[in-house]
Structure formats: structure tokens, C-alpha cells
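Listed below are the residues making up each chain.
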Amino acid sequence: MKQRITGAEALMRSLAAEGIETIFGYPGGSIMPVYDALYDYTRGEKKAFDHILVRHEQGATHAAEGYARVSGKVGTCIVTSGPGATNTLTGVADAMLDSTPIVVIAGQVPISALGTDFFQEVDLVGVAQPISKWSYQIRHAEDIAWAVSRAFFIARSGRPGPVVLDFPKNAQTEMVDFQPEKVDFVRSYVPYPKLEVDAVQAAADLINNARKPLALVGQGVELGNAQAELLDFLEKADIPAGRTMLGLSALPSTHPLNAGMLGMHGNYAVNMKEQECDVLIAIGMRFSDRVTGSLKTYAKQAKVIHLDIDKSEINKNVKADVAVVGDCKESLPAITALLHKGNHKEWRESFKPLDEQERLKVIEPAIHPTDGPLLMGEVVNAVAEATQGDAVLVTDVGQNQLFATRYFRYPRNRSICTSGGLGTMGYGMPAAIGATFGAPDRTVVCFMGDGGFQMCIEELGTIMEHQTPVKMIVMNNNYLGNVRQWQDMFWQRRKSFTRMMNPCYELIAQGYGIPYEAVTDRKDLAAAVDKMLSTQGPYIMECAILEDDDVLPMTPPGKGIDEMMLKVDN
């Protein structure tokens, strides 16, 4: 039954119809009618949402990303026009590259004022269109129910991604005969391509005849909720599997077929074996340059099978001999049904000497040093051991990200939030806030460098207000560490503006009322980690890290993936 209400009220009812529970946002002039309606929907009889007031609109998008990544739901943001809207664009671009489903609803000046350089007017649809899955302006209240339902359908379906809704003020205040709508079809948009039987058979034939098959597991497995199907496939065919950074928790770390992390700072054996395998099966991954290294030399000896829901990824970077376009939750079991029971023990055993080289030369010195300042690897290892690998890992970007993703454990699915494609510093803390709302039953640990921490430091206010139980580990080496490493390795040690003068983080923590401890000696590390994890609510643990701690192994930029360095040549 239709009911005459304001556009702002219609938005609230449309969001409720989508099952939205948590909204991250920041009010302002052009979105004020919506925030006035939101007042009633966050308390009393109408309560439908929790609204989390962030301290910067970019933080709202990253929080929505963290929420989406651990919950499997769509993250939702509401902001105002002008700078409020443009401040979300980094998060929108981040979500686009990492296939994270979020919907950003931004206020806009009335349509009668568009094009007049009205206060806080910006062409949001035009700016957002190249970096979002869909960008649309709701010009009248009668379009709200349709547009909101369409936005969430597009964001969550197929290959997920961000959607931006531009919401002029007149549409928020107009009266409308409201009736909920449910959009589950968009003409010319095919989120779930029909699986081709011939491609499935061709893939199975290649795998059945392979002597040295290797799977590359990406985040698409998590996005498609195909973790169980992946295990069935790998175990039946007896195929070792490398995982991309975003796909790390798609396969349990302890599984015997787990061959490690792929890419520039991944594990040595799996990267070397990419150049030896005879069949390469890429599952829900996009052959990022950080995975492949130089494409001129990448896996030229292998037949490539590429499973992806997005046809545009096929042959974009690496030519596929067999392309299986479709949802991996459907394509994986279809291929598995045609496979013979595999036995590739000799091939799997050939990984072990290379793994042992990395363990002795890189891993043991990184996580079990005997003297000198603290190292990032040992800090990550201490937290991973104390949480028994059951926590959600959130990272910022830089060396903290690379050490954390390498040395954490992932026994459970949807256990990692990190900025992959865009590499956004300042992502960590707000994403961790979102993760605590997306997975309230899990411990959320957030590793940050001193640089990234200061790029999102204002979100300590959000943590203070909501007492979000984020366990923050600030790995302080007084440098923009990843850039410093590259300067040392490839720029003749010319450390151009990478050393940082840092504030007193203890005083900052005190100002926000957040418990804090500094760790400068490894003998105190285990006790400090236990204290952090046993303290209710948020916590900041600052670790004084060796200034020239380097992330290894490393494939130098422009080099082949089999040119990984296990040590730095002085």
C-alpha cells in the first residue's frame, strides 16, 4: 500500500527494505533532511539502523569496506555534497579495484541550482563514474525506491563493487507516494554469465593430463562464497595452491595444499614454481602486476586456465588457453565432477626444498631474532600466536601490510581486510572499525605503520565514541618504511623525505582515553600482546621497530617472478 512521505523518509524505508543495519556517515547541509529522518530510525520504535559518526568521509568509505569484507554484506555510507562527497572518492576507487560492495549516498544541491556553481556543488556522478560500478543522480523523490534497490543489487551481484548515489536536496524534501521496490534484473547487465560446458570440459581435460598443476586462488573465491567448492576441487585433483594477498583466507593456512602467498613479497617456492608448472589454474584473481612480475617472462611454459566471473579480466594481462567465465561457486564443482582423482605427491614435494630455503634465510630471522631492536615479523608472529590465528587481520599499507599478511594465520574465511589494488595509506584504522561491526564476535587486530596511522588518526575519535574494540599495533620505525626500502635498494640509498618526525603516541592515546603501551624490548612483547588482547575495548600497542627492517623475499620491479631475492645485496 502506498503512503505519502518525504524523500528522506523514503530513503530510510528503502534502506530498511534492503536489510541494512549499519551506516557510516557524516552530516552536512545538503544531506540534512536525510539526517533528520535518520534521527528517528536510530532510536525508539522506528529503530532500524546503527549510525557510526566517523571523523572524515574517507573514513566512512573504508569503514564500509571493512564491514563488507568480513560480513559478506554491502557496506553503506551517507555523506553531504561537495567536499563531503569528494572525500569519499578514494574509498570508492579502493572498493572498485578490490571488488568490495559498498553504496555511497551523497547529498547534492537542488536540481534547480545545478550548473550555477552553487555552494558545495560538484558533479559527483561525472567524477565517480570511471571509478564505480554504477553512478546515478536521484533527481526526484519518485525515483528513490527504484534507485536504492538497483544500487544494492548492482553493488552485491556478480563481481561486487561500489555504487554512488547523488541525492539532490529537492528529492529529499519532495513528497512521494512511497512503495518499496525490488530490483533483481537490469537490462544489458549479466552478473552471472551462463557457464559454457565446452570450457568446463576443456579445463578438466587439461587438469587431468597435467603433471605439474598449480592453482592461484584469489579473493573471488571469498566473494563467491566458494571456499568449500575450492577445497573439493583442490583435494580431488591434489593440486597445490598459492593465494593472492586478498585471497589469503579463502584457503586455511594449515591446509596441506596451501603453497603460500603469491607475488612480489610472497613465498619463494610458490613464486618459483609458477615458472615451472605445466598447467596454471587461476581462480577468481586478476593477474595483478604485483603477482606476475614481468609479463614478458611470466609462466610462458604453462597452459593457463582462467576462472572468473568478469569476462573483461580474461586475456587482459595473461592470455588464457581455456577461459571459464562464470561464478566460481558454479564453475568449480562443474570442473571437479569431471576430474580424475589426482596424485601429484612428487610435484608437491618439490616445493619443500625451496620452502626450507626461505624458512632458514628469511622467516626464522624475521620472526625469531635473538638480538637487536624489534622486527615487524616477530611482532606479527606474536599477535598471530596469541590469537591462535582466529582474529580478523586488518592492515594499513606499506611494510606493516606486507609483514602482517605474510606472518599472520588464516584458519577461518573472511579474515583479512587490506587495501590491495589501490594501496591506500590511511585505510587500516577505519576499515578495522567497520570490521568490528561486520564481525562483532571476532577479535579485530589492525597493524599500521607510523605513516599510515597518522593518515587516519582522526578516527580515534570514532573509536573513542563507540568504544570499538580495535586492537591497534603501531609499528614505528620513524620512516615511510616501504618507500625507504625501495630508496635503499634501487635509488642509491637517497632517502628523500621518508624519515618522519613522530608525535608522542602515548599522549595522543591519553587524549582519546584509549589504553596504550609501548614495547621497546622483545622480552616484554609477549606480555604486552596478552595485555592488549585481554583488555576490553580499544587498545594501542606501539612497537619500536628496527629502522631498516626490510620485507623479503622481494621481486624487484620490472623483473620476472622467478628473480626473487631472499636477501639484500649490499
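Counting from 1, residues in each chain are numbered in the order their sequence is written. The predicted origin of the model limits local features to residues at a pLDDT of at least 70 and limits the giving and counting of side-chain atom pairs to 80 or more, whereas totals for whole chains, interfaces and linings rest on all residues. The side-chain quantities take in all heavy atoms of the structure and omit both hydrogens and water.

Explain the environment of Leu339 to me, please; I cannot follow it from the model alone.
Only runs of H or I of at least four residues qualify as helices and only runs of E of at least two qualify as strands under DSSP, and these elements are numbered from the N terminus. Note on placement: Leu339 falls in the loop between helix H14 (328–336) and helix H15 (345–349). Separated by 134 residues in sequence, Leu339 and Ile473 place their C-alpha atoms 45 Å apart. Beyond its immediate stretch of four places on either side in the chain, Leu339 contacts Ala204, Ile207, Asn208, Phe233, Lys236 and Ala237. Contacts are assigned to residue pairs that have any heavy atoms within 4.5 Å of one another.

Is there a simple way to think about the environment of Gly19 in this case?
Within the secondary structure, Gly19 is located in the loop between helix H1 (7–17) and strand S2 (22–25). Whether a residue is buried, partly exposed or exposed follows from its accessible area with a 1.4 Å probe, protein chains only, as a fraction of its type maximum: under 20%, in between, or over 50%, in that order. Of the residues examined, Gly19 reaches a relative accessible area of 45% and is grouped as partly exposed. Along the sequence, Gly19 and Ile131 sit 112 residues apart, while their C-alpha atoms lie 26 Å from each other.

Quick question: what am I supposed to make of the nonpolar core here?
Note on soluble globular proteins: their nonpolar side chains tend to be buried together. Here, nonpolar core refers to any group of buried Ala, Val, Leu, Ile, Met, Phe, Trp, Tyr and Cys residues whose side-chain atoms link them within 4.5 Å. Judged by nonpolar contacts, the single largest core of 66 residues is most densely connected at Leu280, Phe287, Val379, Phe408, Phe447, Ile473 and Met541. In this structure Val379 touches Phe447, Ile473, Met475, Leu525, Met541, Cys543 and Ile545, once residues within four positions along its chain are discounted. Membership of the second largest hydrophobic core comes to 39 residues, among which are Leu15, Ile20, Val163 and Phe167.

Can you walk me through the packing of H1 against helix H7 (residues 144–156) in this structure?
How two helices sit against one another is set out by the angle between their axes and by the gap between those axes. For every element, the axis is a line fit to its C-alpha atoms; helices are fit only across the contacting stretch, and the angle between N-to-C directions ranges from 0 to 180 degrees. Where H1 contacts H7, the axes come no closer than 9 Å and their chain directions differ by 35°. Relative to H7, H1 is oriented so that their crossing is right-handed. Between H1 and H7, the residues in contact are Gly7, Ala10, Leu11, Ser14 and Leu15 and Ile144, Ala145, Val148 and Phe152, respectively. A per-class count over the contact of H1 with H7 returns 7 nonpolar, 2 polar and no charged. Left-handed describes a crossing in which the near helix is turned anticlockwise from the far one by less than a right angle; the clockwise case is right-handed. In this classification, Asp, Glu, Lys and Arg are treated as charged, Ala, Val, Leu, Ile, Met, Phe, Trp, Tyr, Cys and Pro as nonpolar, and every other residue, Gly included, as polar.

Would you mind showing me how to read unusual backbone geometry here?
For residues that are not glycine, phi is negative in most cases, and the peptide bond is trans in most cases. For the peptide bond that leads from Leu552 to Pro553, omega is -5°, which places it in the cis range. Looking at the secondary structure, you find Pro553 in the segment after strand S20 (539–544). The phi dihedral of Asp117 is positive, around 60°, even though this residue is not glycine. With respect to the element layout, Asp117 can be found in the loop between strand S5 (102–108) and helix H6 (124–128). Notably, Gln467 is not glycine yet its phi reads approximately 50°, a positive angle. Mapped onto the fold, Gln467 is located in the loop between helix H21 (460–466) and strand S18 (470–476).

Looking at this model, I keep getting lost on the packing of aromatic side chains. Mind explaining?
How two aromatic rings sit relative to each other is given by the distance of their centres and the angle of their planes. Centres within 6.5 Å are what make two rings of Phe, Tyr or Trp a pair, Trp counting through its six-membered ring; a difference in plane orientation under 30 degrees is then read as stacked, over 60 as edge-to-face, and the rest as tilted. Applying the stated rule across the entire model yields 14 aromatic pairs. Taken together, a centroid distance of 6.1 Å and an interplanar angle of 75° make the contact between Phe24 and Phe437 edge-to-face. Placement of the pair is Phe24 in strand S2 and Phe437 in helix H19 (residues 428–438), with a sequence separation of 413 residues. Residue class for Phe24 comes out buried when judged on its relative accessible area of 0%. Pairwise contacts between aromatic rings join Phe24, Tyr67 and Phe437 into one cluster. Two conditions define a charge located above a ring, namely a distance within 6 Å from the ring centre to NZ of Lys or CZ of Arg, and an angle within 35 degrees of the ring normal. For the cation-ring pair, Arg150 lies above Trp134, with the distance from its terminal atom to the ring centre recorded as 4.5 Å. When the ring centre of Phe351 is taken as origin, the NZ or CZ atom of Lys273, which lies over that ring, is 5.8 Å away.

Where do I start with the pairing of strand S4 (residues 75–79) in this structure?
Remember that side chains alternate between the two faces of the sheet whenever the strand is regular. S4 sits mainly inside the fold: 5 of its 5 residues count as buried. Alternating positions in S4 separate into two faces, Gly75, Cys77 and Val79 on one and Thr76 and Ile78 on the other, with burial throughout. By definition, two strands form a pair when at least two bridges between them are found by DSSP. The pairing of S2 with S4 spans 2 bridges and is classified as parallel. Among the inter-strand pairings, Gly25 is bridged to a residue of S4, identified as Ile78. Inspection of the sheet shows S4 paired to S5 by 5 bridges, in the parallel sense. The residue bridging Val79 from the neighbouring strand is Ala106, located in S5.

How do you make sense of H14 when you look at a structure like this?
At 3.6 residues per turn, the α-helix brings residues three or four places apart onto the same side. Taken as a whole, H14 has its buried residues at Cys328, Ser331, Leu332, Ile335 and Thr336. With its buried residues spanning 130° around the axis, H14 presents them on a single face. Looking at the buried residues of H14, the elements they touch are helix H9 (197–208), helix H10 (220–223), helix H11 (227–237), strand S12 (279–283), strand S13 (303–308) and strand S14 (322–325). What qualifies as a polar contact is a pair of N or O atoms within 3.5 Å, subject to a donor-acceptor requirement within protein and to the restriction that residues adjacent in sequence count only when both atoms come from side chains. Between a side-chain oxygen at the N-terminus of H14 and the backbone nitrogen of Lys329 the separation is 3.0 Å; the capping residue is Asp327. What the arc covers is the set of directions going from the helix axis to the C-beta atoms.

What am I meant to see in the side chain of Arg484 here?
Secondary-structure assignment places Arg484 in helix H22 (residues 481–490). Overall, Arg484 belongs to the buried group, its relative accessible area being 0%. Polar contacts involving the side chain of Arg484 include one to the main-chain carbonyl oxygen of Asp549, which spans 3.0 Å. If near-sequence neighbours (up to four positions away) are discounted, Arg484 is found in contact with Gln399, Tyr479, Lys495, Thr498, Glu547, Asp548, Asp549 and Asp550.

Sorry if this is basic, but what is going on with the sheet that holds strand S3 (residues 50–53) here?
Across a sheet, strands are paired by hydrogen bonds formed along the backbone, either parallel or antiparallel in direction. Pairing in this open sheet of 6 strands is parallel, and the strands run S3-S2-S4-S5-S7-S6 from one edge to the other. Edge positions in the open sheet fall to S3 and strand S6 (134–137), since each of these has one partner strand only. Within this sheet the neighbouring strands show an average axis-to-axis angle of 20°, counted without direction.

Got a minute to help me understand the pattern of salt bridges in this structure?
Side-chain pairs of opposite charge can arise where the charged atoms are in close proximity. The term salt bridge refers to a side-chain nitrogen of Lys or Arg lying within 4 Å of a carboxyl oxygen of Asp or Glu. The full count for this structure, using the stated rule, is 29 salt bridges. We note a salt bridge from Asp177 to Arg4, for which the minimum N-O separation is 3.3 Å. On the criterion of sequence distance, the pair formed by Asp177 in strand S8 (residues 175–178) and Arg4 in strand S1 (residues 3–6) is long-range, its members being 173 residues apart. Each member of the salt-bridge network shares a partner with another, and the members are Arg484, Asp488, Arg493, Lys495 and Asp550.

What's the story with the sheet that holds strand S15 (residues 392–395) in this structure? I'm lost.
If you walk across this open sheet you meet the 6 strands as S16-S15-S17-S18-S20-S19, and the pairing is parallel. Strands with a single pairing partner mark the edges of an open sheet, and in this sheet they are strand S16 (416–417) and strand S19 (516–519). Inspection of the sheet shows S19 paired to S20 by 4 bridges, in the parallel sense. Bridging from a neighbouring strand, Val519 pairs with Cys543 of S20. Packed onto the sheet, H19 meets S15, strand S17 (444–449) and S18 and runs at close to 175° relative to S17.

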